[in-house]
Each structure stands twice: as C-alpha cells, then as structure tokens.
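The lines below spell out each chain.
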Amino acid sequence: MARPDLGAAPPAVYGIVSGDCLIDTTGLPQQFTPAPAPLATGILLDNLGQGLGPLANRPALMTLGRLAAARSLEVYLVGGSVRELALGREAHDLDLAVSAQTLPLARDLAGALGGTYVLLDETERTARVVWHEEILDLAEFRAPTLEGDLAGRDFTLNALAVDLKAVLGKGPAELIDPLGGLPDLAHRRLKMVAAENFHHDPLRLLRAYRFAATHGFQITPETTAAIRRAVPEFSRVAAERVHQELFLLLAAPSAAPVLAAMEAVGLLSRVFPELDDMKGVEQNGYHHLDVYGHSLAAVAYLEEVLAAPAAYFGEMAAEVVRYASQPPKTVLLKLAALFHDAGKPRVQGRRRDPERYTFYFHEKVGLEIFSRVASRLRCSQAEIKTVSALIQMHMRPFLLLPAFRERELSFRALGRLVRAARPELPGLFALAMADSLAGQGPLKPADCEAVLADLADAALQFLKERLEPQERHPRLVSGHDLIRLGLTPGPRFRQLLTQVEEAQWEGLVQTREEALAMVRRLL
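Note that the structure is predicted; figures quoted are calculated from it, not measured.

1. Thoughts on the overall build of the chain
A tally of regular secondary structure across the chain gives 26 helices and 12 strands. Projecting the C-alpha coordinates of the chain onto the three principal axes gives extents of approximately 90 × 55 × 40 Å. When each of the 523 residues of the chain is scored for burial, the buried share is 51%. Pairs at least 24 apart in sequence give 69% of the contacts found in the chain among residues at least 6 apart. Carbon and sulfur atoms form 53% of the exposed surface of the chain, whose accessible area is close to 24,000 Å². Mean positive and mean negative side-chain charge positions of the chain (57 and 63 charges, respectively) differ by 6 Å.

2. Focus on helix H20 (residues 396–405)
Of the residues making up H20, those classed as buried are Pro397, Phe398, Leu400 and Leu401. Within H20, the buried residues cover an arc of 160° as seen down the axis, which keeps them to one side. On its buried face, H20 is in contact with helix H19 (381–393), helix H21 (411–421), helix H22 (425–437) and helix H23 (448–471). A positive phi of about 60° marks Arg407, the residue just after H20.

3. Here's the deal with helix H12 (residues 256–265)
All of the buried residues in H12 are Ala256, Val258, Leu259, Met262 and Val265. Those residues of H12 that are buried are in contact with helix H9 (203–215), helix H10 (221–230), helix H11 (239–251), helix H13 (267–271) and helix H14 (291–307). Residue Gly266 follows H12 closely and has a positive phi angle near 90°.

4. Structural notes on the environment of Ser235
Topologically, Ser235 is positioned in the loop between H10 and H11. A sequence separation of 58 residues divides Ser235 from Asp177, and the C-alpha atoms of the two residues are 32 Å apart.

5. Notes on the environment of Arg228
Take Arg228: it is sitting in helix H10. Judged by its relative accessible area of 43%, Arg228 is partly exposed. The residues touching Arg228, leaving out its near neighbours within four places in the chain, are Ala264 and Val265.

6. Some words on the packing of aromatic side chains
Going through the model one piece at a time under the given rule, you end up with eight aromatic pairs. Summarising the aromatic geometry, the rings of Phe462 and Trp505 are spaced 5.2 Å apart at their centres and angled 90° between planes, so their arrangement reads as edge-to-face. On the criterion of sequence distance, the pair formed by Phe462 in helix H23 and Trp505 in helix H25 (residues 491–505) is long-range, its members being 43 residues apart. Accessibility classification places Phe462 together with Trp505 in one group, the buried group. Chaining the aromatic ring pairs together yields one cluster made of Phe155, Phe198, Phe211 and Phe217. For Arg466, the ring lying beneath its charged end belongs to Phe411, and the centroid distance is 3.8 Å.

7. With respect to the pairing of strand E3 (residues 93–98)
As paired elements, strand E2 (residues 75–78) and E3 share three bridges and run antiparallel to each other. Paired with Tyr76 across the bridge in E3 is Ala97. Bridge count for E3 against strand E6 (residues 134–140) is six bridges, and the pairing is parallel. Looking at the pairing, Val98 lines up with Glu140 of E6.

8. Let's talk about the packing of helix H18 (residues 362–376) against H19
Axes are the key here: two packed helices are described by the angle between their axes and the distance separating the axes. As a packed pair, H18 and H19 sit with axes 9 Å apart at the nearest point and diverge in direction by 160°. By the angle between their directions, the pair H18 and H19 is classed as roughly antiparallel. For the element pair H18 and H19, the recorded crossing hand is right-handed. Facing Glu363, Gly366, Leu367, Phe370 and Ala374 of H18, the residues of H19 in contact are Ile384, Val387, Ser388, Ile391 and Gln392. Of the residues assigned to the contact of H18 with H19, the class counts are six nonpolar, three polar and one charged.

9. Some details on the pattern of salt bridges
Evaluation of the coordinates by the stated rule reveals 36 salt bridges. Here Glu134 makes a salt bridge to Arg58, at a shortest N to O gap of 3.9 Å. Linking Glu134 in strand E6 with Arg58 in the loop between helix H1 (36–52) and helix H2 (59–70), this pair joins segments that are 76 residues apart in sequence. The class of Glu134 is buried, set by a relative accessible area of 14%. Put simply, Asp184 and Lys191 hold a salt bridge, and the shortest N to O gap is 3.6 Å. Residue Lys191 is classed as partly exposed on the basis of its relative accessible area, which comes to 31%. Three or more residues are tied together by salt bridges with common partners; here these are Arg412, Arg416, Arg419, Arg475, Glu501, Glu502 and Glu506.

10. Let's talk about the packing of H9 against H12
Contact pair H9 / H12: the axes reach a minimum separation of 10 Å and the direction vectors enclose 155°. What the angle tells us is that H9 and H12 run roughly antiparallel. Two packed elements cross with a definite hand, and for H9 against H12 that hand is right-handed. Residues Leu206, Tyr209, Ala212 and Ala213 of H9 form the contact with H12, whose own contacting residues are Val258, Ala261, Met262 and Val265. Per-class residue counts for the contact of H9 with H12 are eight nonpolar, no polar and no charged.

Reading guide: rules and limits
- Residues numbered from 1 in each chain as written.
- Predicted model: local features only at pLDDT ≥ 70, side-chain atom pairs only at ≥ 80, totals over all residues.
- Heavy atoms only, no water.
- Helix = DSSP H or I, 4+ residues; strand = E, 2+ residues; numbered from the N terminus.
- Buried < 20%, exposed > 50% of the residue type's maximum accessible area, 1.4 Å probe, protein only.
- Contact = heavy atoms within 4.5 Å.
- Areas by Shrake-Rupley, 256 points an atom, 1.4 Å probe, with all protein chains shown as cover.
- Lys, Arg positive; Asp, Glu negative; His and termini not counted.
- Charge placed at Lys NZ, Arg CZ, Asp CG, Glu CD.
- Arc of directions from axis to C-beta.
- Phe/Tyr/Trp six-rings, centres within 6.5 Å; stacked < 30°, edge-to-face > 60°.
- Lys NZ or Arg CZ within 6 Å of the ring centre and 35° of its normal.
- Pairing = 2+ DSSP bridges.
- Axes fitted to C-alpha atoms, helices over the stretch in contact; angles between N-to-C directions.
- Parallel < 35°, antiparallel > 145°, perpendicular 65-115°, else oblique.
- Left-handed = near helix turned anticlockwise from the far one by under 90°.
- Nonpolar A, V, L, I, M, F, W, Y, C, P; charged D, E, K, R; others polar.
- Salt bridge = Lys/Arg side-chain N within 4 Å of Asp/Glu carboxyl O.

What follows is the structure, encoded as structure tokens:
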C-alpha cells in the first residue's frame, strides 16, 4: 500500500470494514504520526460494522425505514449512536436525523409499533418514540442537507452518520464523516465543529467536560478557548438539562480532574456559583487548604476511596462497594463532598489558645445552601434527602473519634450515629474518609484515617450485632404500655421508647419487666 498523502483533504466517506485492516488515511493532519492512525480508525470502522449488524433486524428501525420510504424521506443514524458503536459499545437509545416531516413520521412510527410518542421540542422538531426496551430519538435536519445538519452539531466525533437504508442492508455500508470526526475519535480528541455552535446551545459547554469525564476525551486548546469565551451564555440553559449532564459527568470514576478543568475556564462557577464564596476562606488547624481547595480535594479523594475501598477500610469496605453500586449514590456522594463545607464562609470565627479558625454549626448552614442548589437544579426529593443527610452528619464521625481512640465511646453514642445515618452509613464513612484525607493541617492526628476506619468497622458491627437483631423482635415496651401507665401520646412517647432502646444497646435492659421498671423510674 502506498504511503498516504498527508496534504490532501480529509475524506467525507469511509467504507465500513469487517476485520482489522488498513484504510486510506488521506488527510490526517501533519502533527499526528501516520502509522497508528490507520489501525485505530480501522478498528473503529470494524466495531461500527459489527455494531450495525444487529440493528438491521430491529422491528422499530425496519418500520421506520418503510414509513420514511413511503414519504420519500432521508433518515440517518447519527451522533452518539454512531460514536458509541464505533467505540465497540452498545447503542441502546438510537439518534436519528430526518430530512423533513419528523414529527408526523414519529407519530406514525409510534402508532404502527403500538409504542409511545413523546414530543421533545416542537420548535426544533424533535420527538422520541418508545417501544418496549427501544428508544428512538428523531430530530429534523437543522439545514437543507445532511452535511449542513452535521455542521450544526457540537463536536466532530458526534458529526458522524450512516444512512438508515445501509443499516437495513439496502445500500452501501458507508460512514459519512465530512468533518474528520473519525480520526478525532481515534485519537480521543474532542474538537468543536464551530465556535458559534456553542452559542446556539450553551449546554454543549458542559457536554464537552461530560465527555472528557465519561470517555476520557481530550478537549483541544481551540475548543477550550471557545468554551471560555462562551461561558457567560451558560445561564441560558434550562436547569433540568444541566442536571442530566452534571449527573452523567459526576458518575464517571474520575470526575474530579474534570471539575478542576471546568474551574479553569470559569464554567464550574456558572454551574455552582455558591462555590465562589468558599474561595480564599482560610481554615488552619486540621486543614492545609482554603475551603474551596479542600472541597475539590475531598471529591478527588472520595473517588480514590470509591475506587479501592479495601485500601482504606476493613469490614466496611464491602458495604461501601455495595452502597456505591446503587445509582446515583456515587453522584450524590460527590455532591455532598463538594458542598459539605459550603456553610463555613458564613460562620467563620476565631479563637485563641490554640489560635485557630472556628466554624461552629457550618453543616447546618451548608445544608441550607445545598437546598437552594438542589432546588435550582430540579433535584428529586430522594436525591435531596440523601445529600442533605450526608452534609448534615458529615462531622459526627469526627466528633466521636477522641472517645473512640481512648476506648471510652459508649454503645449509646455509637448507636445514635448508626441509627441516624441509616441507610447512608457506608456513604457517610466514605465521605468522612475523603474529608480526612483532604485535610493535612498541623493539628490533625497522624492516625486519623486509621482510627476512622476502625470506627467504621465498630459502627458496622453495632449495626449487624445489636441494632438489626433488636429490630427483628417486637419492642419491649410499646405505646399501648405507656398509655396504660397514664401517659398521653405525644413527643414524650418517642423519648421514652428511645431511652428503652438505647438501654437495650448497652445491656442495661433485657426483658419486658426490666423495660417497664425503667419507664416507671423515668416518669
């Protein structure tokens, strides 16, 4: 095979191949080594060919093909669907571009399949068809031609298309790539199609960093510069769309470096303006960073803890693995790490002997701040409940450490922590470990992480050996018993019942008779 001419224009169409083979590399930029690129793009095309094969038999696509042909419409598989197939991944939700009449076509498709039609955006003429496990997103061309439509997309590696007729085996299997997206995909290079496309939809600024987190793509310098210029427009994006992209980003195992990159261009402050108040707020003692730096470091350490819990915990490690495997727990943990100290700027004080800053009740103020963030981002009540609990309780393990270190921690104090933290107990200790690792100030005990890990195991042991077995049996004393003793239902009921339960933890009460005697003494 002749050495490719690197000065020629990039090809607009690639043949989709089967098997690892060299393909024409005409037009690859001079700065890249020619040798690896043909193999890389060959593998991508091979992946795409194999991934398209099963799609030919999908009833939804076959029906769409017939309906489009009857209307003389062009339909292409585009964007993320093509990208994911080329990367050797499954494309569960399919993105399709339609030359015209998209909304009527989508309605007819839903009717023919007996599926559900969902109008996404009437102005942009986009709709979704849901049928069993299949989701098809149809969007009308943004320009008179497919090439014009692809030129309006966000990044070159998303400006890829395959004719639906080819997918269904009724035409040549060709990848349409007018903007050089395939070589960019081969080199994991995230390159904008055009700077003005960011202005059309500023959510694409966040999408760039989401792809950096989820796919390991490297954002090109020109794209980064364009993002920095477009950052002021991010406020135009609907909160629900920000929520979706942000959760995808934070779900990635290594989101912390991406958050730092977002900060460098000013985007992180647009997503979370509340973080700006933390900058420059000193907090000596246990800490070596300001509140802002510490919060970002806590996210980074949290990702390390989640990646290898056994390196930080004993018996609690398996529980952290189980906890983190439940979406979106890892995302919520990272949000808690980012905002766990958000209240410190408002409550910062100063004390002497030893001289240091104080932040009394900062978790309460931080909870109020996160509540506003969650409301703005349209977080669900379940999401808010989890993050709020983690923020509110993040100091409690540290408050128990001194007594635990001296073997003076009571079952009652440990049990109150365990009961209050459930079901977030593993997440709370993962957050606490990250918080501890992110603070390396002069007053921090050298054994802090080791003692914290031992406390986590003690909490887990208490849960398994005392609290859960106790909960599997009826209460020793019930509300009816309290009424028979002459009490009126009210807050005092809960106090007495709780005191009996805590006495059981410590072995002070073991029978119903002992429990009733205790209640009589308390009255």
